Amino acid sequence: MTPPRSLLFVCLGNICRSPMAEGIFIHHAKMRQVLENLAVDSCGLGSWHVGQSPDPRAIATCAKHGIELPSIARQFAPSTDIERFDLLLAMDETNAKTLEKRGAPRSKIRLMRSFDVAAEQLLDDQGQPTQTGAIDVPDPYYGGDDGFDQVFEMLTRACEGLLDQID
Ligand code: 4NP
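In this text the structure is predicted, and so the values were computed from the model without any measurement. (Residues numbered from 1 in each chain as written. Predicted model: local features only at pLDDT ≥ 70, side-chain atom pairs only at ≥ 80, totals over all residues. Heavy atoms only, no water.)

*Asks:* What's the story with helix α2 (residues 56–63) in this structure? I'm lost.
*Replies:* Residues lying three or four places apart along an α-helix face the same way, a consequence of the helix completing one turn every 3.6 residues. When we look at burial in α2, the residues that qualify are Ala58, Thr61 and Cys62. One side of α2 holds all its buried residues, which, seen down the axis, span an arc of 95 degrees. Contact partners of the buried residues in α2: α1 (17–31) and α5 (145–166). Capping the start of α2, Asp55 holds a side-chain oxygen 2.8 Å from the backbone nitrogen of Arg57, two or three residues further along. (Buried < 20%, exposed > 50% of the residue type's maximum accessible area, 1.4 Å probe, protein only. Helix = DSSP H or I, 4+ residues; strand = E, 2+ residues; numbered from the N terminus. Arc of directions from axis to C-beta. Contact = heavy atoms within 4.5 Å. Polar contact = N/O pair within 3.5 Å; in protein donor to acceptor, adjacent residues only side chain to side chain.)

If you want it as structure tokens, here you go:
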């Protein structure tokens, strides 16, 4: 496979997990001086938050680490996104299934934490989660601020793993 050059981070609302993934990925890609070779975006499968900035807790968590979030929420657009992006990085298994239902080929869909070294022991020989949801990035929207810190750590490791594979 030629290395993926265009990456779309996908979650449900596009105000917590996928904009954090996008911002963290951009930050690390810049540090590695590879951002100019890549196209990066994020989107949500729902439409509730279209046009909004990320959740203030997502912004604050990333700001603690010197990372800004450029995202303005938009909804996944099958007619253009499936063709335009090499990889669709789903934050959880439900997101991955929804992407398939909306016409995305399985070959373009990956679970974000399949690139997280700390999730390796939760994958079987085929690279599938040992239990349903085992490597999901948990949705922090309805929880407290510590949920955002946990998501930040997971996404940072996953972005590093992803960059290791496409560098
Ligand atoms: P996200 O979190 O998918 O990580 O952006 C959510 C944000 C909002 C909602 C669901 C998930 N919502 O139902 O409004």
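Anyway, onward from the coordinates.
*Asks:* Would you take a moment to explain the site of the ligand for this structure?
*Replies:* In the vicinity of the ligand, the contacting residues are Cys11, Leu12, Gly13, Asn14, Ile15, Cys16, Arg17, Trp48, His49, Asp139, Tyr141 and Tyr142. Between the ligand and the protein, one listed contact pairs an oxygen atom with a backbone N or O atom of Gly13 at 2.8 Å. Measuring from an oxygen atom of the ligand, one finds a side-chain N or O atom of Asp139 at 3.1 Å. For the ligand, whose unbound accessible area comes to 360 Å², protein coverage reaches 92%. Class assignment for the residues of the shell around the ligand results in seven nonpolar, three polar and two charged. (Near = heavy atom within 4 Å. Areas by Shrake-Rupley, 256 points an atom, 1.4 Å probe, with all protein chains shown as cover. Nonpolar A, V, L, I, M, F, W, Y, C, P; charged D, E, K, R; others polar.)

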